[in-house]
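Chain and residue survey
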Amino acid sequence: MWKPRTRGTLNKENAMDDKESNLSKSVGEGGEAAGTAKAMAEENAMEEAEVKKLLADLDELKNTLVRHQADFANYRRRMEKEQTEASNRATARVVEKLIPIVDGFEHALAAHREAEYENYRKGFELIYKQLIDNLTKLGVERLEPLGRMFDPHLHQAMDREETTHHPEGEILAVYQPGYEFQGRVLRPAMVRVAVHPGPASKIGVN
């Protein structure tokens, strides 16, 4: 049998409906919040991955730059060394051609000591000094080893003298000076070497 609903019954039913509505709303809002958080987490993860990739690319670029700089430095040093060596070889060739001229000046100055040649000697001595000074500025070293020990890399033994008054291997006379440039012997000094009487010396004569 149908009974009419009273105001209290209606209020109770309305309250239940409101509660269900609020519950559904809360559930919906919670779902939206969870979805937003998940989306933000995924976005943060993507950003972190991108940052890591960019940092890795940056490190690779830095390493590549360092390698290129090292390669360029090595190339520059190699080119500078080759240029220096080429310049030294060219200078050595010129000096080798000048050495006989120096010898000629020295022979001329030693031969003519008479008074009538005095004016010529002064001119020759001036030119000779300028020539020697310029060779010295180029780095040419003159080898005049009188009194030093014989070195087969620097000296050429032209004669041996048996003696007990000097250490074996001491250079007693220089027949012709030698010349050295940048560690390269352009001409060995031609010398006489002391040897002790007895068994054959190791110093050979050319």
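Look up a bit, the structure's there.
Residues numbered from 1 in each chain as written. Predicted model: local features only at pLDDT ≥ 70, side-chain atom pairs only at ≥ 80, totals over all residues. Heavy atoms only, no water.

1. Some details on the packing of aromatic side chains
Tallying each qualifying case throughout the model produces two aromatic pairs. With a centroid separation of 5.7 Å and an interplanar angle of 65 degrees, the aromatic rings of Phe105 and Phe124 are classed as edge-to-face. Pair noted here: Phe105 is in helix 1 (residues 7–111) and Phe124 is in helix 2 (residues 118–137), with a separation of 19 residues, a long-range link. On the basis of an interplanar angle of 40 degrees and a centroid distance of 6.5 Å, the ring pair of Phe105 and Tyr128 is categorised as tilted. Of this pair, Phe105 sits in helix 1 while Tyr128 is found in helix 2, placing the two residues 23 residues apart along the sequence. Across the pair, exposure class does not vary: Phe105 and Tyr128 are buried alike. (Phe/Tyr/Trp six-rings, centres within 6.5 Å; stacked < 30°, edge-to-face > 60°. Helix = DSSP H or I, 4+ residues; strand = E, 2+ residues; numbered from the N terminus. Buried < 20%, exposed > 50% of the residue type's maximum accessible area, 1.4 Å probe, protein only.)

2. Looking at the sheet that holds strand 2 (residues 155–162)
In space, the three strands of this open sheet follow the order 2-6-3, with mixed pairing throughout. One side of each edge strand has no neighbouring strand; the edge strands of this open sheet are strand 2 and strand 3 (171–176). Here the strands of the sheet are splayed against their neighbours by 25 degrees on average, with no regard to which way each runs. Relative to strand 6 (residues 189–195), strand 2 is paired through seven bridges, and the arrangement is parallel. Opposite His155, over in strand 6, you have Ala189 as the bridge partner. (Pairing = 2+ DSSP bridges. Axes fitted to C-alpha atoms, helices over the stretch in contact; angles between N-to-C directions.)

3. Side note on the side chain of Arg121
Tracing the chain through its elements places Arg121 in helix 2. Setting aside its immediate chain neighbours within four residues, Arg121 contacts Leu109, His112 and Arg113. (Contact = heavy atoms within 4.5 Å.)

4. Thoughts on the side chain of Thr91
Following the sequence through the fold, Thr91 ends up in helix 1. When residues no more than four places from it in sequence are discounted, the contact partners of Thr91 are Leu138 and Phe181.

5. Topic: the nonpolar core
Core analysis: the biggest nonpolar cluster contains 14 residues, and Val95, Val102, Tyr128, Leu135, Val140, Tyr179 and Leu186 have the highest contact counts within it. Ranked by residues supplied to this core, first place goes to helix 1 with six residues. Apart from the residues lying within four places of it in its own chain, the contact partners of Tyr179 are Ile99, Val102, Glu106, Val140, Glu141, Arg142, Leu143, Arg184, Val185, Leu186 and Arg187. Leu143, Ala189, Val191 and Val193 belong to the second-largest nonpolar core, a separate cluster that totals seven residues. (Core = buried A, V, L, I, M, F, W, Y, C linked by side-chain atoms within 4.5 Å.)

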